[in-house]
Amino acid sequence: MSTRTSIASERPVPDAFSGDRWFYPDVLADDMRSSAIPSEKIPEALAVTWEYNRCVVPEYTNWDRYIALARLGGIAIVAEYNGALLDVVNDPCPLGYDIDEQLDILFGGTSMREPMGREYRASLLFMTEKASNRRGSRLYQRYAEALAHSPADYFRIRDCDGMFRFYLNAAIACNDSENWLSEPEYRALMEVAATLYDSVAFHKHRAEGEICNVFAYADPQLRQDAYRANREVLWALDANWSHRPDRRAAVQFCRFVGGPIHLMMRRYRFVEDGLMAGRPETQAVIDEARKNFKLWYRSDPRTAEDFEERYTQVMTLQDRLLFDGFAEMLERPDEEKCPDCIRKEFYGTAELGEFSGVGLCPACRERWGDHLRTIADRAGAVLPLSPPR
C-alpha cells in the first residue's frame, strides 16, 4: 500500500473535499435575490450559468456583453429545472432581469437583435412548459409532435431548445464581431452540435424523461457511430476555420458543447459518477431529478389539462415568442403526420430507461437513422470541410 493511500485511510476527508462551493464574478453576486427562487438554489444557478459561459464561450473581448449573456443564461437555467418560477409570455422581467435590456446589451446595434430575441424567448417558453404543470397543455402536445415530424424539424427546434444558435451568435457578439453564419451553415453546424450533445447526454436525458434527444427517435444503437461521424465533421471544419478569427468562436462553441462540458461542469455528475461520462441512469438518479438535484428535472406523467388560452396567446404573439417558421411546425395538420406513429394526450414517462415524446413507427425510425448516416455529405455541401489525410 502506498504512503498516500495509507495516510488517506487514516485521516478524515478534508473539508475542501466535501460539499459544493460555487464560484462566479462579484458582478453577479446580488442577482436573482428578489425572485421566488429558493435562496439555497440561487448560488448554484449563478455558478452553473457562469460555468457554461466559460466553457462554451471561452474567449471574449466585450465584458458587458459577456455578463449579459451570463444573465440571460441564468434565466434559462432556472427555466429548465423549474418552469413555474417564471412566465416568459406575460412577464417581461423574470427573476428580476429585464430581458429586453439584457438582449440590447448583448446584441444591440447588430442585425441579430430581433431574431435572437425571438430565438431566446422561444427557448424559454418551451423550457418552462417542460418543467412545469403545463406539460399537459395543447401547446406542449403540439411541441412534442413537431419535434418528431422529421429530422430537419427536430434539429431546428432542438437548436432553439438547447439555445445552440443563440449561444453561438452570442459568442460572435461577445467578440465584437458581426460575421454571422448563413442559414445553411447554421443548420449544418447546429445539427453537429446537437447530435454530439445528445449522444453524451443520452442517459441524463432519459433520467429526465426528456423529449429533446435525437435518440428518442433514431435507433439508440446508432449513438456511437453518429458521435464519431459528427466529431469528424467538426474536426474537418476546424482544420479550415481555426485560423479565421471570424469563425473560431463558432467552432469552439460546438467543440465544447459536444462533450467537454460534461466533464467540466458540475451539473453533469462526472465526479459523482466516478469520473465516468455517460453512466446509465438509475432509479436513484431519477428520484434526484424529481428533486431538482444538479438543477435537473423529471417529466413524469400528468393528466392532460386545458390551457387553450395560453396556446392562443402564444400564436397571437408568435412574432415575439417564436422563431420564424416555428408556428407552422406547431400548426401542422394531422393529415401530414404519420398514422402509424404513437401520439398521446400527454408526453411524460414514469419508467426507467425511457424518453418521453412521440413513439415513432419502425419506418419513421429508420428514416431518422438514414438522416444521421448522411451528415458528412450534407455538412460538406455547405461547410468547408478539410479532406481526411
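These numbers come from a predicted model, not from an experiment.

Undergrad: Lay out the overall build of the protein in plain terms, naming residues and giving numbers.
TA: Across its full length, the protein holds 19 helices and zero strands. Relative to its length of 389 residues, the protein is compact, with a C-alpha radius of gyration of 21 Å against a globular reference of 21 Å. Sorting the 389 residues of the protein into buried and exposed places 55% on the buried side. Contacts spanning at least 24 positions in sequence make up 74% of the contacts within the protein whose residues lie at least 6 apart. Carbon and sulfur atoms form 50% of the exposed surface of the protein, whose accessible area is close to 17100 Å². Between the centroid of the 49 positive side chains of the protein and the centroid of its 62 negative side chains there is a distance of 4 Å.

Undergrad: Report on the packing of aromatic side chains, specifying residues and quantitative values.
TA: Two numbers describe a pair of aromatic rings. These are the distance of the centres and the angle of the planes. Throughout the structure, instances matching the rule amount to 23 aromatic pairs. Measuring from centroid to centroid gives 5.7 Å for F107 and F166, while their planes differ by 75°, and the two rings are edge-to-face. With F107 in helix α4 (residues 99–107) and F166 in helix α8 (residues 164–174), this residue pair connects regions lying 59 residues apart in the sequence. Each member of the pair, F107 as well as F166, is classed as buried. A centroid spacing of 5.3 Å and a plane angle of 75° characterise the contact between F202 and F355, whose relative ring orientation is edge-to-face. Of this pair, F202 sits in helix α10 (residues 202–208) while F355 sits in the loop between α17 (326–330) and α18 (362–373), and the two are 153 residues apart along the sequence. Both residues of the pair, F202 and F355, count as buried. Grouping aromatic residues by their ring pairs yields a cluster made of Y52, F107, Y120, F166, Y167 and W180.

Undergrad: Can you tell me about the nonpolar core, naming the residues and giving the values?
TA: Within the largest apolar cluster, 120 residues are counted, with the highest numbers of intra-cluster contacts made by F107, Y143, F166, L189, F253, F326 and L330. For this core, the leading source of residues is helix α3 (residues 63–81), giving twelve residues. Among all residues touching F166, those that are not within four sequence positions of it are L69, L72, L103, L106, F107, M116, E119 and Y120. Core analysis: the next-biggest nonpolar cluster, separate from the first, contains five residues, A207, V285, I286 and A289 among them.

Rules behind the numbers
- Here the residue index of a chain counts from 1 through its sequence in written order.
- Given that this is a predicted model, residues contribute local features only at a pLDDT of at least 70 and side-chain atom pairs are listed and counted only at 80 or more, while totals for whole chains, interfaces and linings are drawn from all residues.
- To obtain the side-chain values, all non-hydrogen atoms of the structure were included, while hydrogens and water were left out.
- By the criteria applied, helices consist of DSSP H or I runs no shorter than four residues and strands consist of E runs no shorter than two, each listed in order from the N terminus.
- The globule rule used here is 2.2 Å times the number of residues to the 0.38 power, and the radius of gyration it is set against is calculated over C-alpha atoms.
- Only protein chains enter the accessibility calculation, which uses a 1.4 Å probe. A residue is then buried if its area is under 20% of the maximum for its type, exposed if over 50%, and partly exposed in between.
- The contact rule is simple, with two residues in contact once any of their heavy atoms fall within 4.5 Å.
- Each accessible area value is a Shrake-Rupley result obtained with a 1.4 Å probe; residue values ignore everything except the protein chains displayed when judging cover.
- The sign given to each residue is positive for Lys and Arg and negative for Asp and Glu; His and the chain ends receive no count.
- Each charge is placed at NZ for Lys, CZ for Arg, CG for Asp and CD for Glu.
- Only the six-membered ring of Trp is used, alongside the rings of Phe and Tyr, when aromatic pairs are assigned; centres must lie within 6.5 Å, and planes under 30 degrees apart are stacked while those over 60 apart are edge-to-face, with the rest tilted.
- Residues enter a nonpolar core if they are buried and are Ala, Val, Leu, Ile, Met, Phe, Trp, Tyr or Cys, with the set joined through side-chain atoms within 4.5 Å.

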